[in-house]
Amino acid sequence: MEQDVHEYEGTDITVSFDVKRCIHARECVKGLPAVFDKNKRPWIEPENADADDLAAVITRCPTGALHFERKDGGWEETPDDENTIEVTHDGPLYVRGTVEITDEDGTLLLPDTRLALCRCGASENKPLCDNSHLLVDFEAPGSVSEVHEGGDTESSVLTVTPTRNGPLHAEGAFEIVGQDDGSWSSGDDEWLCRCGGSQNKPFCDNTHKKIGFTTEEA
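We now turn to the structure provided with this report.

Cut-offs used in this document
- Residues numbered from 1 in each chain as written.
- Predicted model: local features only at pLDDT ≥ 70, side-chain atom pairs only at ≥ 80, totals over all residues.
- Heavy atoms only, no water.
- Phe/Tyr/Trp six-rings, centres within 6.5 Å; stacked < 30°, edge-to-face > 60°.
- Helix = DSSP H or I, 4+ residues; strand = E, 2+ residues; numbered from the N terminus.
- Buried < 20%, exposed > 50% of the residue type's maximum accessible area, 1.4 Å probe, protein only.
- Arc of directions from axis to C-beta.
- Contact = heavy atoms within 4.5 Å.
- Polar contact = N/O pair within 3.5 Å; in protein donor to acceptor, adjacent residues only side chain to side chain.
- Core = buried A, V, L, I, M, F, W, Y, C linked by side-chain atoms within 4.5 Å.

**Let's talk about the packing of aromatic side chains**
Phase 1: Within the structure shown, the criterion is met by three aromatic pairs.
Phase 2: Taken together, a centroid distance of 5.0 Å and an interplanar angle of 75 degrees make the contact between phenylalanine 17 and tryptophan 43 edge-to-face. Taken together, the residues span a long stretch of sequence, with phenylalanine 17 in strand 2 (residues 13–18) and tryptophan 43 in the loop between helix 1 (27–31) and helix 2 (51–58) at a distance of 26 residues.
Phase 3: The exposure class assigned to phenylalanine 17 is buried, which follows from its relative accessible area of 5%.

Dropping the structure here:
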């Protein structure tokens, strides 16, 4: 995973922006156009809004490209009470909650509250989405193909492990929800497709082996 983080200082709040994680969901632009304006330089001007309002809009960013640090003692972002994996239509998996991306050795790669994970197989910044699904015309419903009932787990952390040349392994208490139809599945140990080829999306069906899916981040 690559990062390209820029910081924008305000009197009461500092906004950080990771170019590599932005997929132009536009929640920031729609929420506070006086602060976020792609036609200006700098394109983020924290002074143009109340710090509380700005912080609230930043937490709507589904990819985690935007984060903030308060300098005035105001409220800080806390993870959602429940971990969720949202299956988007023709796009990535949006993950929210107390989330950790780890490698197969258990090494922590990225802790966050908001992530967008590639499921088309084409991202150059795996396991994160980089909008490559648009370039390859990825098509997949924003729904959950099967209902799974997760068992009891004491872990409040959702751990996502990108396996070598294979699926995403999600462990911990979480809900998988469909963007299109509200379909859902609860989980505590699931294997999720990221090659783009599964016929049982969002779950893995071993198609990655048939199509020779390879990864770089492992």
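**A look at helix 2**
Phase 1: All buried positions along helix 2 are accounted for by Ala51, Leu54, Ala55, Val57 and Ile58. Each buried residue of helix 2 lies within a common arc of 165 degrees when the element is viewed along its axis, so the set occupies one face.
Phase 2: In this fold, the buried residues of helix 2 make contact with strand 2, helix 1, strand 3 (66–70) and strand 6 (108–117).
Phase 3: Near the N-terminus of helix 2, the side chain that reaches the backbone nitrogen of aspartate 52, with its oxygen 2.9 Å away, is that of aspartate 50.

**What about the side chain of arginine 70?**
Phase 1: Relative to the assigned elements, arginine 70 resides in strand 3.
Phase 2: For arginine 70, a relative accessible area of 9% corresponds to the buried category.
Phase 3: At 2.9 Å, the side chain of arginine 70 and the side chain of aspartate 52 are in polar contact.
Phase 4: A distance of 3.3 Å separates a polar atom in the side chain of arginine 70 from the backbone oxygen of tryptophan 75.
Phase 5: Arginine 70 has contacts with Asp12, Ile13, Ala51, Asp52, Ala55, Trp75 and Glu76, leaving out every residue within four places of it along the chain.

**Re the nonpolar core**
Phase 1: Grouped together as the largest cluster of nonpolar side chains are 22 residues, with contacts concentrated most on Phe17, Phe36, Ile44, Leu54 and Leu66.
Phase 2: Elements represented by at least two residues in this core include exactly strand 2, helix 1, helix 2 and strand 3.
Phase 3: With five residues, helix 2 is the single largest residue contributor to this core.
Phase 4: For isoleucine 44, the contacting residues outside a window of four places in its chain are Tyr8, Val15, Phe17, Val35, Phe36 and Leu66.
Phase 5: Membership of the second largest hydrophobic core comes to 19 residues, among which are Val87, Val95, Leu115 and Phe174.

**Side note on the side chain of threonine 163**
Phase 1: For threonine 163, the position within the fold is in the loop between strand 7 (158–162) and strand 8 (168–178).
Phase 2: Relative accessible area serves as the criterion here: at 9%, threonine 163 is assigned to the buried category.
Phase 3: A polar contact is formed between the side chain of threonine 163 and the backbone oxygen of proline 167, at a distance of 2.7 Å.
Phase 4: Dropping the residues within four chain positions of it, threonine 163 is found in contact with Glu104, His169, Trp191, Arg194 and Thr215.

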